[in-house]
Amino acid sequence: MRYTSFTPFDLVLLAQGFGVTVALFVVTTLIGLLVGAALAVVRYYRVPVATQAILFLTELLKNSPVLVQLFLVFFGLPAFFHINVTPVVAATITLSANTAAFIYVIAVAGIESIDRDQVEAARVFGLTRRQVLRRVIAPQALAFAIGPLTALLVNQLQVTSLISVIGVVDLTKIGNILNLRTLQPFIVWTVIGLVYYVAAKLVAWLGSRLETRLRAYSAWKGL
Amino acid sequence: MIKAENVRKVFGTTTVLESVDLAINPGEVVSILGASGSGKSTLIRCINGLEKLDGGRITVDDFDVSKPKELAEARKRSGTVFQLFNLYPHMTAVGNVALAPVEVLKRPRAEAEREARELLASVGLTDRADAYPTQLSGGQRQRVGICRALAMHPRYLLLDEVTSALDPEMTAEILNILARLAEGGTTMLFVTHEIEFARQISDRIVFLDKGRLVVDLPTAEFFAPSGGLASPRVVQFLSKMRKE
């Protein structure tokens, strides 16, 4: 057997890479959700200064390439602040921040999609701003946001492939390694692409199931 | 009692309410009549604190609605029913009615929901209690809206054109409920275009014209030639409404 041929162990490598991709995706998504939603709540309470600062930061994150952000964190932080960042830490910071910025926008849109009328009704019956947020706005905003949110996460899953550039051994990096060894790019990248495809489909499927559940109250079933 | 003194409200350059004085005593049913844009709804929105006053003072049982702490207390004493129902679409009828008792009055959920079902049953919605607002007709939605206000056991019921979005049949259905409440002694401030109905149930009728309260008379006097009908604006308004 020549060293260029595929071996069963390559499947283990593939699984490992996929595991790293999924782990980073899940962790950065959770952080992104938490941070993004928290920022939207800060905006809901119209905290002065903080709201403007959030707008500025999220605009930066949304309107610059993720790869540039990744380089800035991975190479920039050590050079400027003399902090050592491992590739995994740099990837986690960058992807979390990027996801948070987009989730912030979706969450704000979700909150603003709620009729002012119902909010007024709840206020008139004595609910505090916080109770209105929890009981009236949040459940509906979530139902509204779940579609765009799913689309975002499907995209962010693909974006994780960028972290292979700074040396995180994710699915794409494994593809790179296998490609260099076997010199069979068509087979390697087809398989890698398919794995991403299946994972993305799974995210989309989970999202649409959740959407059906959350929108059970609405008679509107879409066009 | 609800008391408005010298109330003034301005939107931009338009004065919507100007030197409005009004007092509603417990047990009274007071109807507010007036053309569209005369400030009727705004007056209700000032009483329940949805609009800030630009002058004057409104108190509900001596709680000043312009002070945040007192507003909370004032709001517990008055319930509002809205023209466009303003129900929470993600909650069932029971959920809509029980929300404020659970969140604001801290009532146990099971108890609040049981009472919500009783209230809904009293307006003929026994088998629609678990339906979402989108699955209800306009009249049914407004009945839920009334139950939602009653669930807080308010001393005062503020009704803001509650039948304007309904067809005549549904309107009759809602008016029947309100007539029953009025007979039961519920204090009501009733903004409406239903003149005949206002005449039947009101103790007093108030007429607003371009933000000013021009007539405030007991019902019989309001419709007497020497009373409300002495005002040309009232005559004009009534004849116009009757034509429609």
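Residues numbered from 1 in each chain as written. Chains lettered and ligands numbered in written order. Predicted model: local features only at pLDDT ≥ 70, side-chain atom pairs only at ≥ 80, totals over all residues. Heavy atoms only, no water.

> How would you summarise the interface of chain A and chain B if you had to cite specific residues and measurements?
The accessible area lost on association of the parts is a frequent measure of interface size. With 19 residues of chain A in contact, the opposing surface of chain B contributes 23 residues. For the chain A and chain B pair, buried surface summed over both sides reaches about 1900 Å², with 63% attributable to carbon and sulfur atoms. Of all residues in chain A, the largest losses of buried area upon contact with chain B belong to A:Val124, A:Phe125 and A:Tyr217, amounting jointly to 39% of the total for that side. Between B:Glu103 and A:Arg135 there is a salt bridge, and its shortest N-O distance comes to 2.6 Å. One can count 7 residue pairs in polar contact (both at pLDDT 80 or more) joining chain A with chain B. Of all the secondary structure elements, the ones that give two or more residues to the side of chain A that touches chain B are helix 5 (116-124) and helix 6 (129-159) of chain A. For the side of chain A that touches chain B, the element with the most residues is helix 5 of chain A, which contributes 8 residues. Taken together, the residues that form the side of chain A that touches chain B break down as 9 nonpolar, 5 polar and 5 charged. (Contact = heavy atoms within 4.5 Å. Buried area = accessible area lost by both parts, 1.4 Å probe. Salt bridge = Lys/Arg side-chain N within 4 Å of Asp/Glu carboxyl O. Polar contact = N/O pair within 3.5 Å; in protein donor to acceptor, adjacent residues only side chain to side chain. Helix = DSSP H or I, 4+ residues; strand = E, 2+ residues; numbered from the N terminus. Nonpolar A, V, L, I, M, F, W, Y, C, P; charged D, E, K, R; others polar.)

> Go over the pattern of salt bridges, please, and point to the residues and values.
All names here are of chain B. Applying the stated criterion across every chain, the model contains 26 salt bridges over all chains. With a closest N to O distance of 3.9 Å, aspartate 64 and lysine 67 form a salt bridge. A residue is classified by how much of its surface remains accessible, and aspartate 64, at 6% relative accessible area, is buried. According to the relative accessible area criterion, lysine 67 is partly exposed, its value standing at 41%. In this structure, arginine 143 and glutamate 173 form a salt bridge, with 3.2 Å as the shortest nitrogen-oxygen distance. (Buried < 20%, exposed > 50% of the residue type's maximum accessible area, 1.4 Å probe, protein only.)

> Any details on the layout of surface pockets? Residues and values, ideally.
Empty space within the largest pocket amounts to approximately 1200 Å³. Contributing to the lining of the largest pocket are 37 residues, with A:Arg46, A:Val119, A:Arg123, A:Arg129 and B:Arg75 lying nearest its centre. Going through the elements one at a time, helix 1 (9-44), helix 4 (87-112), helix 5 and helix 6 of chain A together with helix 2 (68-77) of chain B are the ones with two or more residues in the lining of the largest pocket. It is helix 2 of chain B that provides the largest number of residues to the lining of the largest pocket, a total of 6 residues. In terms of residue class, the lining of the largest pocket is built from 17 nonpolar, 5 polar and 15 charged. (1 Å grid on protein atoms, 1.4 Å probe; cavity = no way out; pocket = protein on both sides within 12 Å on 5 of 7 lines; lining within 4 Å. Points joined across faces, edges and corners; volume = space filled by probe spheres on them.)

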